[in-house]
Amino acid sequence: MFVRFEDFNLAYADRGRGTPLLLIHGFPLNHSMWNQQLEALADRAHMVAPDLRGHGDSGSPPGVYTMERLAEDCKALLDALAITEPVVVCGHSMGGYVALAFQRLYPERLAGLILASTRASEDTPEGKAARDQTAEKAQAEGAAAIKQGMLSKLLAPQTYEDRPELVARVAELMSPTSVEGIAGAALGMKERPDARPGLPDVRVPALIVHGEDDQIIPLEAAEEMATAIPKARLEVIPRAGHMPNLEQPGAFNRAVNEFFEELA
Ligand code: MLT
């Protein structure tokens, strides 16, 4: 399904009944990364899962995709679907940066936060330089060069050994992302502010989920958010890397289900 925005069409999936749950994917993925949640949680939540601009089947307008801009797109999608009640926002990695931007911009629209495989800090100077390189490389060599580099880090070391079909699935998930999407999102992530000073002001309950063997974002980043957000709980998923919802969907879905029970 699509909604038409001023400068592009935004693709999204809409599934299930219950409290609204906005599922925001990471970089450079798309809403299909949530397929096992869209399936398993359909009796629990009304899930809306966009393809962020430049990703999946959404259009790729030019420009820098700041996390605020992506959060505005998510809010505009909720408005277009006439979802006005507070929503649980679940963001994975870059989607977590977008979820934190959504929390800063629209606290009144938030019922709960699920921060999966993400962090609240800004990029280090080296990290910012790497964002520029990512954007330049995508523009010079094409999107495949970046996707190949990401593919070697997204999963736990053990997952690469044991589950080649999952590695192939993750490669497939990245395939539609455009050069504009990669460059726009990389430069947008580079600009994101340090969200840590605002964490004590997060008023809603938060579930922090992190794979024990994440090779992209260290577990300490999740522990830091769980300590700073007043009503937060940390769930560490064993035998999972940066994609716990795909590597251990049963454990991930159980954690989300329990969080919804606590919210109710
Ligand atoms: C992601 O998985 O969304 C990105 O790797 C996050 C990042 O690069 O900071």
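Residues numbered from 1 in each chain as written. Predicted model: local features only at pLDDT ≥ 70, side-chain atom pairs only at ≥ 80, totals over all residues. Heavy atoms only, no water.

### Overview of the overall build of the protein chain
(1) Moving on: Along the protein chain, the regular secondary structure elements total 11 helices and eight strands.
(2) Moving on: Taking 2.2 N^0.38 as the reference for a compact globule, 264 residues should give roughly 18 Å; the C-alpha atoms of the protein chain span a radius of gyration of 17 Å, in line with that estimate.
(3) Moving on: Each of the three principal axes of the protein chain carries a C-alpha extent, and together these read 50 × 45 × 35 Å.
(4) Moving on: In the protein chain, which comprises 264 residues, the proportion classed as buried is 55%.
(5) Moving on: Taking as baseline every contact in the protein chain between residues at least 6 positions apart, the subset at least 24 positions apart corresponds to 77%. (Helix = DSSP H or I, 4+ residues; strand = E, 2+ residues; numbered from the N terminus. Rg over C-alpha atoms; globule rule 2.2 N^0.38 Å. Buried < 20%, exposed > 50% of the residue type's maximum accessible area, 1.4 Å probe, protein only. Contact = heavy atoms within 4.5 Å.)

### Thoughts on the packing of aromatic side chains
(1) Moving on: In the structure shown here, the tally under the stated rule is three aromatic pairs.
(2) Moving on: Aromatic pair Phe5 and Phe8: ring centres 5.5 Å apart, planes at 85°, arrangement edge-to-face. Here the two residues Phe5 and Phe8 agree in accessibility, since each one is buried.
(3) Moving on: Above the plane of the ring of Tyr65 lies Arg53, whose end atom (NZ or CZ) is 5.7 Å from the centre.
(4) Moving on: Between Arg192 and the ring centre of Tyr97, over which it is positioned, the NZ or CZ distance is 3.9 Å. (Phe/Tyr/Trp six-rings, centres within 6.5 Å; stacked < 30°, edge-to-face > 60°. Lys NZ or Arg CZ within 6 Å of the ring centre and 35° of its normal.)

### As for the site of the ligand
(1) Moving on: Near the ligand the following residues occur: Gly26, Phe27, Ser93, Met94, Tyr97, Arg119, Arg131, Met150, Met189, Ile216 and His242.
(2) Moving on: Here Ser93 contributes a side-chain N or O atom positioned 2.8 Å from an oxygen atom of the ligand.
(3) Moving on: His242 has a polar side-chain atom sitting 2.8 Å from an oxygen atom of the ligand.
(4) Moving on: Coverage of the ligand by the protein chains reaches 95% of its 260 Å² of free accessible surface.
(5) Moving on: More than half of the atoms of the ligand fall within 2 Å of the grid points belonging to the largest pocket. (Near = heavy atom within 4 Å. Polar contact = N/O pair within 3.5 Å; in protein donor to acceptor, adjacent residues only side chain to side chain. Areas by Shrake-Rupley, 256 points an atom, 1.4 Å probe, with all protein chains shown as cover. 1 Å grid on protein atoms, 1.4 Å probe; cavity = no way out; pocket = protein on both sides within 12 Å on 5 of 7 lines; lining within 4 Å. Sits in = over half its atoms within 2 Å of the grid points.)

### Considerations on the sheet that holds strand β6 (residues 110-116)
(1) Moving on: Ordered in space as β1-β2-β4-β3-β5-β6-β7-β8, the eight strands form an open sheet in which the pairing is mixed. Each of the sheet's edge strands pairs with one partner strand only, and the pair in question is β1 (2-4) and β8 (232-237). Direction aside, neighbouring strands of the sheet carry axes that sit 20° apart on average.
(2) Moving on: In this structure, strand β5 (residues 87-92) lies alongside β6, joined through six bridges in parallel fashion. Looking across to β6, one finds that Val88 is bridged to Gly112.
(3) Moving on: Those strands touched by helix α3 (residues 94-105) are β3 (19-24), β5 and β6, and its axis lies near 145° from that of β5. (Pairing = 2+ DSSP bridges. Axes fitted to C-alpha atoms, helices over the stretch in contact; angles between N-to-C directions.)

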